[in-house]
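Listed here are the chains, written in short residue letters.
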Amino acid sequence: MIFGEDNFTFKQADFYPFKDAEEIKRVRAITKEEIMALNGKHPSNPNIFLEVLPDDDVEMVMIADIVKRIVDSDRYDKKVVMIMPNPSPTYRKVAYLLHQLKVNCRNVKFYMMDEWADQDGNIAPLSYKAGFGNAFYRFMVSQILDLGFKEENFIYHSNKITPDYSKMLEQDGEAHIVYSGPGWPGHLAFIDPVEDWFQPTMEEYCAQGAKVANLHPLTIAQNSLHGSFGCSGDIANVPPMGAMMGPRDAMKAKEILDVHSITTAGSHVTWQRLTSRMCIFGKPSQEVPASILQLRENPTHIIMSENLAATIQPDYMFQY
């Protein structure tokens, strides 16, 4: 018997949404050295600034960006509209800094990026403790009410709000900034590669507004590893649907800060290393929703942690 030969071929699992095996192979082979050699430039879009940072610095950049925009909204007395994901511990640090700087938050408007929904499409109430709106309220909104933040400027997904979410953004002049990061199936917010979203053309796809939709199995698996669900792979405890911003909300935003840095409890292990390459360097497609950011005409800042940029290679000694 000969050991070590790579002579076993197979077709990927049917549930994996992106089917172009050659494109996956090409993207998988992109090394850290090749990414670093780009020197901040994206291969196809000059509006994208691509940055690789030490893992410990990534959160600091996001915090600094949020704080600066809120400080400027106070200093120049201008409204700032921000679409927020749910890295809840980060918001606790933002709120602390805003207090230290004594920033007035009267001009700030937060839109939640997404939220959970049940099997019938009913959106989770703000009281749902595993909800994104609940976490954001606890870690951010409730902490800055004494700094002039108006509670009515906290826009979270609900059965009432979500149908008008994109229209509200349009009336607000669109988001000044969207903070994003891809999920395991390449989702943008909870915009997953599922039938609810697919359209005949990319133009039609990118024009879709906020709605309630089904979630991909990989999104449910990913979130079962998160703290709100016990970090235990408890898939049965994760809601099957979500409410979310639409592709049009990301495409029309004035700026995007897209962060790729998720690992398993700070280890080298991550589901995001290939996904990030598909989103950043793969051919834009509806099967990899976050890849549409490559088509944006407005500024997009993409950050990869050094761990996420690391070359993908087998470790036959590590195994599980």
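Up top is the structure.
Note that the structure is predicted; figures quoted are calculated from it, not measured.

A. The pairing of strand β8 (residues 241-244), seen in detail. Here β8 shows a buried face lined by Met241 and Ala243 and a second buried face lined by Gly242 and Met244. Relative to β8, strand β4 (residues 114-117) is paired through four bridges, and the arrangement is antiparallel. If you follow Asp114 over to β8, its bridge partner there is Met244. Here four bridges tie strand β7 (residues 211-214) to β8, and the two strands are oriented antiparallel to one another.

B. A look at the sheet that holds strand β5 (residues 154-155). Taken in spatial order, the seven strands of this open sheet run β1-β10-β9-β6-β2-β3-β5, and their pairing is parallel. Unpaired on one side and paired on the other, β1 (48-53) and β5 mark the two borders of the sheet. Here strand β2 (residues 80-84) pairs with strand β3 (residues 108-112) via five bridges, running parallel. By the bridge assignment for β3, Val81 is matched with Lys109.

C. Representation of the sheet that holds β8 in the model. Taken together, three strands build an open sheet; the order of strands is β4-β8-β7 and the sheet is antiparallel. If you trace the sheet from one side to the other, it starts and ends with β4 and β7, each paired once. Adjacent strand axes in the sheet meet at a mean angle of 30 degrees when their direction is disregarded.

D. Empty space enclosed by the protein, seen in detail. Tallying each qualifying case throughout the model produces two cavities of 30 Å³ or more. In this structure, the largest cavity spans a volume of roughly 60 Å³. Surrounding the largest cavity, Tyr16, Pro17, Phe18, Trp184, Pro185, Gly186, Thr275, Met278, Glu287 and Val288 form its lining. Taken together, the residues of the lining of the largest cavity sort by class into seven nonpolar, two polar and one charged. Empty space within the second largest cavity amounts to approximately 40 Å³. The wall of the second largest cavity is formed by Ile48, Asp258, His260, Cys279, Ile280, Ala290, Leu293, Gln294 and Ile302. Contributing elements (two or more residues each) for the lining of the second largest cavity: β9 (256-260) and α10 (272-281). Grouping the amino acids of the lining of the second largest cavity by side-chain chemistry returns six nonpolar, two polar and one charged.

E. Quick peek at the environment of Lys78. Along the chain, the position of Lys78 falls in the loop between α3 (55-75) and β2. The spatial distance from the C-alpha of Lys78 to the C-alpha of Ile144 is 18 Å, given a sequence separation of 66 residues. Residue contacts for Lys78: discarding those within four places in its chain leaves Ser73 and Asn107.

F. Structural context of the side chain of His216. Within the secondary structure, His216 is located in the loop between β7 and α8 (217-223). Within the local environment of His216, its side chain forms a polar contact with the backbone oxygen of Phe15, the two atoms lying 3.0 Å apart. A polar contact is formed between the side chain of His216 and the backbone nitrogen of Leu218, at a distance of 3.0 Å. Among all residues touching His216, those that are not within four sequence positions of it are Phe15, Pro17, Pro185, Asp192, Pro193 and Val194.

G. Structural detail: the packing of aromatic side chains. Per the stated rule, a full pass over the model turns up 13 aromatic pairs. Between Phe132 and Phe190, the ring centres sit 5.6 Å apart and the planes meet at 45 degrees, which makes this aromatic pair tilted. Highlighted residues: Phe132 in helix α5 (residues 132-144) and Phe190 in the loop between β6 (177-180) and α7 (202-206), separated in sequence by 58 residues. Classification of Phe132 as buried rests on a relative accessible area of 10%. Residue class for Phe190 comes out buried when judged on its relative accessible area of 3%. One aromatic cluster is present, formed by Tyr91, Phe110, Phe136, Tyr137, Phe149, Phe154 and Tyr156 through successive ring pairs.

H. Fine view of the pattern of salt bridges. Per the stated rule, a full pass over the model turns up 12 salt bridges. With a shortest N-O distance of 2.7 Å, Arg106 and Asp74 are connected by a salt bridge. Pair noted here: Arg106 is in the loop between α4 (88-100) and β3 and Asp74 is in helix α3, with a separation of 32 residues, a long-range link. For Asp74, a relative accessible area of 22% corresponds to the partly exposed category. Across the pair Lys79 and Asp172 runs a salt bridge, and its minimum N-O distance is 3.0 Å. One end of the pair, Lys79, is in the loop between α3 and β2; the other, Asp172, is in the loop between α6 (165-171) and β6, with 93 residues separating them in the sequence. Take Asp172: its relative accessible area is 13%, and that puts it in the buried class. Because the salt bridges share partners, they merge into one network encompassing Asp65, Arg69 and Glu255.

Basis of the calculations
Residues numbered from 1 in each chain as written. Predicted model: local features only at pLDDT ≥ 70, side-chain atom pairs only at ≥ 80, totals over all residues. Heavy atoms only, no water. Buried < 20%, exposed > 50% of the residue type's maximum accessible area, 1.4 Å probe, protein only. Helix = DSSP H or I, 4+ residues; strand = E, 2+ residues; numbered from the N terminus. Pairing = 2+ DSSP bridges. Axes fitted to C-alpha atoms, helices over the stretch in contact; angles between N-to-C directions. 1 Å grid on protein atoms, 1.4 Å probe; cavity = no way out; pocket = protein on both sides within 12 Å on 5 of 7 lines; lining within 4 Å. Points joined across faces, edges and corners; volume = space filled by probe spheres on them. Nonpolar A, V, L, I, M, F, W, Y, C, P; charged D, E, K, R; others polar. Contact = heavy atoms within 4.5 Å. Polar contact = N/O pair within 3.5 Å; in protein donor to acceptor, adjacent residues only side chain to side chain. Phe/Tyr/Trp six-rings, centres within 6.5 Å; stacked < 30°, edge-to-face > 60°. Salt bridge = Lys/Arg side-chain N within 4 Å of Asp/Glu carboxyl O.

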